[in-house]
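# An overview of the molecular structure
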Amino acid sequence: MGALAAAIAVGLGALGAGVGNGLIVSKTVEGIARQPELKGQLQTTMFIGVGLVEAVPIIGVVIALMVM
């Protein structure tokens, strides 16, 4: 059961991160298309957001390893 719980935790964490990253990047591209002069600021904010979203599956992997 521990292996199943670990697999579910890692899988759902990766799924959520994929959806989150897709939304972040799509909105950033939309913002750059609307106001190209803010490209640098939008990209900086996007990279910070992607980094925060990517922390979720990393934490999920750590918890999964602790469960196993």
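Residues numbered from 1 in each chain as written. Predicted model: local features only at pLDDT ≥ 70, side-chain atom pairs only at ≥ 80, totals over all residues. Heavy atoms only, no water.

Where an unreviewed UniProt entry is consulted, the chain appears under the name ATP synthase subunit c, with the organism given as Virgibacillus indicus. Of the comments in the UniProt record for the chain, the one headed Sequence similarities (unreviewed entry) reads "Belongs to the ATPase C chain family." (UniProt positions renumbered as here; feature names shortened; annotations may be inferred.)

Turning to the UniProt feature "domain: V-ATPase proteolipid subunit C-like" (unreviewed entry) in the chain, a few remarks are in order. Look at the UniProt record and you will see "domain: V-ATPase proteolipid subunit C-like" (unreviewed entry) annotated at residues 4-66. In this annotation, residues 4-66 is assigned 94% helix and 0% strand; the end-to-end C-alpha distance for the span is 13 Å. (Helix = DSSP H or I, 4+ residues; strand = E, 2+ residues; numbered from the N terminus.)

Glancing now at the pattern of salt bridges. Under the defined criterion, the tally for this structure stands at two salt bridges. Among the salt bridges present, the one from Glu30 reaches Lys27, with a minimum N-O distance of 3.9 Å. With Glu30 and Lys27 both in helix H1 (residues 2-34) and three residues apart, this pair spans about one turn of that helix. Overall, the relative accessible area of 35% leaves Glu30 in the partly exposed class. Arg34 is paired through a salt bridge with Glu30; the nearest N and O atoms lie 3.5 Å apart. (Salt bridge = Lys/Arg side-chain N within 4 Å of Asp/Glu carboxyl O. Buried < 20%, exposed > 50% of the residue type's maximum accessible area, 1.4 Å probe, protein only.)

What follows concerns helix H2 (residues 39-67). With 29 residues, H2 should reach 42 Å at 1.5 Å per residue; the first-to-last C-alpha distance of 42 Å fits that figure. Residues Met46, Gly49, Val53, Pro57, Gly60 and Ala64 constitute the buried set of H2. Those residues of H2 that are buried lie in contact with H1. (Expected span 1.5 Å × (residues − 1). Contact = heavy atoms within 4.5 Å.)

Here we come to the packing of H1 against H2. Direction vectors running N to C along H1 and H2 enclose 175°, while the axes themselves pass 8 Å from each other. If you check the angle between H1 and H2, you find them roughly antiparallel. Classifying every residue of the contact of H1 with H2 gives 17 nonpolar, nine polar and two charged. (Axes fitted to C-alpha atoms, helices over the stretch in contact; angles between N-to-C directions. Parallel < 35°, antiparallel > 145°, perpendicular 65-115°, else oblique. Nonpolar A, V, L, I, M, F, W, Y, C, P; charged D, E, K, R; others polar.)

Here the focus is the environment of Ile24. Within the secondary structure, Ile24 sits in helix H1. Along the sequence, Ile24 and Leu52 sit 28 residues apart, while their C-alpha atoms lie 11 Å from each other. Ignoring any residue separated from it by four or fewer positions in sequence, one finds Ile24 in contact with Met46, Gly49, Val50 and Val53.

Along the chain, Thr28 turns up in helix H1. Excluding residues within four positions of it along the chain, Thr28 makes contact with Leu42 and Met46.

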